[in-house]
Amino acid sequence: MRLRKLCALALTGMLALSAFPMNSVEAKGEKLNADDMDIPAILENTEEDGTVNVYHWWTAGGEKDAIESVVQGFSDAYGEIKAKSNAIPGGAGGAMVMKVKVLQQAGKSPETFQAHPGQEIEPYLNSDLLLNLNQVWDYANLAERALPGLEDLCTASDGNKYIVPIGIHKSNVIFYNIHVFEKYGIEIPDHENITWDEFWSICDQLAAAMPDGEYPLDLGDRKGWPACQVFEDIMLGTDPQIYEDFINGNYNVEDVTNVLSTYAKMMNYVAPDHSSRDWYETSGQVVAGTYAMQIMGAWMQPLMTSMGQVYGEDYGVFTFPGTDGWFGMCVDGFVVSNDSADVEGGLRWAYNVSTNEVQKSFSGLKESISPYNDTPDETYGELTLKFKNELTAEDTKVFPSFTHGTALPWSAATSLQTQIQEFATSSDYDAEYFANKIVNILKEAGVKGEWNLVD
Ligand code: GAL
């Protein structure tokens, strides 16, 4: 796995802060400083009682079971503490940021909440709302246990750690219903790294064979982010250099127009009412055979499992065209508020997600790759193991997702999602018009990174 973040977060993080509406937040509770806490003693104290409010966005089938297993694992370790699971539906983290902001303003900071490392957590740092977790990293030996490149990704702009990763998913994936391909006599390529030509040919064949009301693709972008997810995949699949330039703030209208032109071409194969559904509803329709394929991150796997679908029998995956050899990195983790009613409880939660027991149960159910090298391969099903081997292969290149919090300032990422969803629901897919709008979003957010993805 090769990921060169370098000091990207440092630079872009500072710029992101001014654009985040949380700047004015003043937490009402007493702020604890990790330097004044004996963190090993806190983590080893399993007798203490308390309440830990855990906020997360795992509501889809499979994901829900996975987070419940973490709650169970927490109560196994810290039996006197009540962990309350609070689900904020929506996926991808956008709704979480707003929810946490409101809670923090009301003086009710959650003890711990789900986040992606990178840009998404920088605004909280600007407002000094997160507990420094360096000691947790030391205590649980996370730097040594983390998969290569991950420590770097989890190091904030000030050089400290504020997040404990719980799982990793590949984001540049297309899921397809094998039975639909069979039903319409469409040959499934014997390889997953399909080219753009192969992809268009599959789309053409499906479109010609499927009856009215059925479509080769659907987006499920009621929330906006799945449309943005497709945009970032097309961008990387068009030219990784464009992607690198984009997240570094070296954007230009021509490149973005080029990406959106491909997006417009893809829209010929997408169900016209795509934005009336959430991503998981689309997945249900893929299983039902109404849509043949869905462009979605690997977190769609546990949902497929929860619907009784078996990889290789009922569904298959392709790597998004043009992105062969690249792994879109989507990392989930937990951060800890420094001003909640039970900061120590939050700390224990964050630590506990990294333990071997929790990693085994969570990774199995979430079908995510464990961030830690001591989670045994037997934990994984066939497809997750394949993704894990891809991620850890020496020659795989990694790109950080901007739809999922890591690579762009939160404000820019959310505006992008809105614009791209508007593009996908527009009548004429005017690539240049929307490219201008997108470039302006990056300009206004002052995006400036130093990512080095391409050799
Ligand atoms: C991502 C997250 C995944 C999954 C997905 C859809 O941001 O990393 O684990 O939850 O959103 O909700």
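Residues numbered from 1 in each chain as written. Predicted model: local features only at pLDDT ≥ 70, side-chain atom pairs only at ≥ 80, totals over all residues. Heavy atoms only, no water.

Looking at an unreviewed UniProt entry, one finds the protein named Carbohydrate ABC transporter substrate-binding protein (CUT1 family), with Murimonas intestini as its source organism.

> Would you explain the overall build of the protein in this entry?
Tallying secondary structure elements over the protein gives 20 helices and 10 strands in all. Computed over C-alpha atoms, the radius of gyration of the protein comes to 21 Å, within 12% of the 23 Å expected from 2.2 N^0.38 for 455 residues, which places it in the range of a compact globule. In terms of principal-axis extent, the alpha carbons of the protein reach across some 65 × 45 × 40 Å. In the protein, which comprises 455 residues, the share counted as buried stands at 60%. Taking the contacts inside the protein whose residues are at least 6 apart along the sequence as the reference set, 83% of them involve residues at least 24 apart. Here the protein has roughly 16200 Å² of accessible surface; of this, 45% comes from carbon and sulfur atoms. On the protein, the mean spot of the 28 positive side-chain charges and the mean spot of the 67 negative ones are 4 Å from each other. (Helix = DSSP H or I, 4+ residues; strand = E, 2+ residues; numbered from the N terminus. Rg over C-alpha atoms; globule rule 2.2 N^0.38 Å. Buried < 20%, exposed > 50% of the residue type's maximum accessible area, 1.4 Å probe, protein only. Contact = heavy atoms within 4.5 Å. Areas by Shrake-Rupley, 256 points an atom, 1.4 Å probe, with all protein chains shown as cover. Lys, Arg positive; Asp, Glu negative; His and termini not counted. Charge placed at Lys NZ, Arg CZ, Asp CG, Glu CD.)

> Where do I start with the pattern of salt bridges in this structure?
Side-chain pairs of opposite charge can arise whenever the charged atoms involved come near each other. The final tally for this structure, using the stated rule, is 14 salt bridges. Between Glu151 and Lys161 there is a salt bridge, and its shortest N-O distance comes to 3.1 Å. Taken together, the residues span a long stretch of sequence, with Glu151 in helix H8 (residues 150–153) and Lys161 in the loop between H8 and strand E4 (163–170) at a distance of 10 residues. On the basis of relative accessible area, Glu151 is assigned to the partly exposed category, the value being 32%. Among the salt bridges present, the one from Glu344 reaches Arg348, with a minimum N-O distance of 3.8 Å. (Salt bridge = Lys/Arg side-chain N within 4 Å of Asp/Glu carboxyl O.)

> It is not clear to me how the state of the cysteines should be interpreted in this structure. Could you clarify?
Joining two cysteines, a disulfide is a covalent bond between their sulfur atoms. Following the criterion strictly, the structure yields zero disulfides and no others. Note on Cys154: no disulfide assigned, nearest cysteine sulfur contributed by Cys330 at a separation of 12 Å. For Cys154, a relative accessible area of 3% translates into the label buried. We classify Cys330 as buried; its relative accessible area is 2%. (Disulfide = S-S within 2.5 Å.)

> Sorry, what's going on with unusual backbone geometry here?
Across residues other than glycine, the phi torsion is negative in most instances, and most of the peptide bonds are trans. A positive phi angle, near 55 degrees, is found at Glu367, a position not held by glycine. Among the structural elements, Glu367 can be located in the loop between helix H17 (356–366) and helix H18 (382–392). For Glu367, a relative accessible area of 15% gives the class buried. Phi angles above zero are rare outside glycine, and Tyr429 is one such case at about 45 degrees. As for its position among the elements, Tyr429 is in the loop between helix H19 (410–425) and helix H20 (431–445).

> Quick question: what am I supposed to make of the packing of helix H13 (residues 253–267) against H19 here?
A pair of packed helices is captured by two measures, namely the crossing angle of their axes and the spacing between those axes. In the contact formed by H13 and H19, the axes pass within 10 Å of each other and the chain directions differ by 45 degrees. Here H13 is positioned oblique relative to H19, judged by the angle of their axes. The way H13 lies across H19 gives a crossing that is right-handed. When H13 is examined against H19, the residues Leu260, Tyr263, Ala264 and Met267 are found in contact with a partner set consisting of Ile420, Phe423 and Ala424. Classifying every residue of the contact of H13 with H19 by side-chain character gives seven nonpolar, no polar and no charged. (Axes fitted to C-alpha atoms, helices over the stretch in contact; angles between N-to-C directions. Parallel < 35°, antiparallel > 145°, perpendicular 65-115°, else oblique. Left-handed = near helix turned anticlockwise from the far one by under 90°. Nonpolar A, V, L, I, M, F, W, Y, C, P; charged D, E, K, R; others polar.)

> Help me out: how do you make sense of the site of the ligand in this one?
Around the ligand there are 14 residues in total, and Trp58, His116, Asp332, Lys366 and His404 lie nearest to it. At 2.8 Å from an oxygen atom of the ligand is found a side-chain nitrogen or oxygen belonging to Lys366. Taking His404, its side chain carries an N or O atom lying 2.7 Å from an oxygen atom of the ligand. About the coverage of the ligand: the protein hides 99% of its 300 Å² of free accessible area. Here the residues of the shell around the ligand sort into seven nonpolar, four polar and three charged. (Near = heavy atom within 4 Å. Polar contact = N/O pair within 3.5 Å; in protein donor to acceptor, adjacent residues only side chain to side chain.)

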